[in-house]
Amino acid sequence: MSLASRALILVARAWQVGPSAVLPPSCRYDPSCSAYAITALRRYGAVKGGWLATKRIARCHPWGGYGPDPVP
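Read on for an overview of the structure. It should be emphasised that the depicted structure is a prediction, and the values quoted were computed from it without experimental measurement.

Bringing a nonpolar patch on the surface into the picture now. Together, Trp 15, Val 22 and Leu 23 make up a nonpolar patch on the protein surface, roughly 340 Å² of accessible area in all. Structurally, Val 22 is set in helix α2 (residues 19-22). Residue classification places Val 22 among the exposed positions, given a relative accessible area of 70%.

In structure tokens form, the structure reads like this:
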């Protein structure tokens, strides 16, 4: 795993144990965006995994979808 992937995973983990732990649950998708990002980064690396995570976060809004959305 590249250094860039590890750094991005660290950011996602920091979100999980920081702000996400104190905010009320509001995830529209399963798995959550941070868990999705970690899986995508581990599976595809920093560039493609980061792109997949960015697209997923962009879909997370009140008019977006919901439900199961696994990493391809």
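Next up on the list: the packing of aromatic side chains. Tallied over the full model, the rule gives 0 aromatic pairs. Positioned above the aromatic ring of Tyr 29 is the side chain of Arg 59, whose terminal nitrogen or guanidinium carbon lies 5.7 Å from the ring centre.

We now examine the pattern of salt bridges. Pairs can form between side chains of opposite charge once their charged atoms are near each other. Enumeration over the complete set of coordinates arrives at 2 salt bridges. One salt bridge in this structure joins Asp 69 and Arg 56, with 3.5 Å as the shortest N-O distance. With Asp 69 in the segment after β2 (67-68) and Arg 56 in helix α3 (residues 33-59), this residue pair connects regions lying 13 residues apart in the sequence. Here Asp 69 and Arg 56 have matching classes, each one buried. With its nearest N and O atoms 2.4 Å apart, the salt bridge here joins Asp 69 to Arg 59. Of this pair, Asp 69 sits in the segment after β2 while Arg 59 is found in helix α3, placing the two residues 10 residues apart along the sequence. A relative accessible area of 17% means that Asp 69 is categorised as buried. Residues joined by salt bridges that share partners form a network here, namely Arg 56, Arg 59 and Asp 69.

Parameters and conventions
Residues numbered from 1 in each chain as written. Predicted model: local features only at pLDDT ≥ 70, side-chain atom pairs only at ≥ 80, totals over all residues. Heavy atoms only, no water. Patch = residues over 30% accessible without salt bridge, like charges linked within 9 Å, V, L, I, M, F, W, Y side chains within 5 Å. Areas by Shrake-Rupley, 256 points an atom, 1.4 Å probe, with all protein chains shown as cover. Salt bridge = Lys/Arg side-chain N within 4 Å of Asp/Glu carboxyl O. Helix = DSSP H or I, 4+ residues; strand = E, 2+ residues; numbered from the N terminus. Buried < 20%, exposed > 50% of the residue type's maximum accessible area, 1.4 Å probe, protein only. Phe/Tyr/Trp six-rings, centres within 6.5 Å; stacked < 30°, edge-to-face > 60°. Lys NZ or Arg CZ within 6 Å of the ring centre and 35° of its normal.

Taken by themselves, the reported measurements are silent on function.
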